[in-house]
Amino acid sequence: ALWTGFATMTLFVILAKMHLLYEPSPYDDAHAIYDKLLSPSPRLLAASLVAFFASQKLDLALFQWIKLLWPTGPFSVRNLLSTVPSQFVDTALFS
């Protein structure tokens, strides 16, 4: 799932840049808006990837640690206990 998310975000940036390379029609009044929306996508991708990888590494490490401490605990509880802190880290790093 980690690499699928990375591939999807990278593909979006490539497609966004390709879209901006097209010569707009003289009747196209939306190209300037697309340019403003899609131009910062590489910077957003970089910030998102840093936050994404850091939070996923933390999530995996916390999940394994909780699994060692509580091997018979329900999967859903272990998942929740590892996901909540990692999402806080993701939000803090991205914002």
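The model shown is predicted, which means the values in this text are computed figures rather than measured ones.

S.K.: How would you explain the packing of helix α1 (residues 2-21) against helix α3 (residues 41-69) if you had to name every residue and give the values?
M.R.: Each pair of packed helices can be summarised by the angle the axes make with each other and by the distance between the axes. The N-to-C vectors of α1 and α3 enclose an angle of 175 degrees; their axes lie 10 Å apart at closest approach. By the angle between their directions, the pair α1 and α3 is classed as roughly antiparallel. Across the interface between the two elements, Leu2, Trp3, Phe6, Met9, Thr10, Phe12, Val13, Ala16 and Lys17 of α1 pack against Ser41, Pro42, Leu45, Ser48, Leu49, Phe52, Phe53 and Gln56 of α3. Each residue belonging to the contact of α1 with α3 can be placed in one class, and the counts come to 12 nonpolar, four polar and one charged.

S.K.: Describe the environment of Lys57, with residues and values.
M.R.: Along the polypeptide, Lys57 turns up in helix α3. Counting along the chain gives 36 residues from Lys57 to Leu93, while the straight-line C-alpha distance between them is 13 Å.

S.K.: For the packing of aromatic side chains, give the residues involved together with the corresponding values.
M.R.: Per the stated rule, a full pass over the model turns up three aromatic pairs. Seen in terms of ring centroids, Trp3 and Phe53 are 5.7 Å apart; in terms of plane orientation they differ by 55 degrees. Their pairing is tilted. Residue Trp3 is located in helix α1, and its partner Phe53 is located in helix α3; the two are separated by 50 residues in the primary sequence. Judged by relative accessible area, Phe53 falls into the partly exposed class, the value being 23%. An angle of 70 degrees between the planes, with centres 5.6 Å apart, marks the rings of Phe63 and Phe75 as edge-to-face. With Phe63 in helix α3 and Phe75 in helix α4 (residues 75-94), this pair connects stretches of sequence that are 12 residues apart. The exposure class assigned to Phe75 is exposed, which follows from its relative accessible area of 53%. An aromatic cluster of three or more residues is present, and its members are Trp3, Phe52 and Phe53.

Parameters and conventions
- The residue numbers shown here count from 1 along each chain, following its written sequence.
- Where totals are concerned, whole chains, interfaces and linings use all residues; where local detail is concerned, this predicted model gives features only for residues with pLDDT of at least 70, and gives and counts side-chain atom pairs only at 80 or more.
- As a convention, hydrogens and water are excluded, and side-chain values are obtained from all of the structure's heavy atoms.
- Angles shown run from 0 to 180 degrees and are taken between the N-to-C directions of axes, each axis being a line fitted to C-alpha atoms and, for helices, limited to the stretch in contact.
- Only DSSP runs of H or I with at least four residues qualify as helices, and only runs of E with at least two residues qualify as strands; both kinds are numbered from the N terminus onward.
- Note that the term roughly parallel is reserved for angles under 35 degrees, roughly antiparallel for angles over 145, roughly perpendicular for angles of 65 to 115, and oblique for everything else.
- Contacts: residue pairs with any heavy atoms within 4.5 Å of one another.
- Classification used: nonpolar for Ala, Val, Leu, Ile, Met, Phe, Trp, Tyr, Cys and Pro, charged for Asp, Glu, Lys and Arg, polar for all others including Gly.
- Only centres within 6.5 Å qualify two rings of Phe, Tyr or Trp (six-membered ring in Trp) as a pair; their planes then separate them into stacked at under 30 degrees, edge-to-face at over 60, and tilted for everything else.
- Between buried and exposed lies partly exposed: a residue is buried under 20% and exposed over 50% of the maximum accessible area for its type, with that area taken using a 1.4 Å probe on protein chains only.

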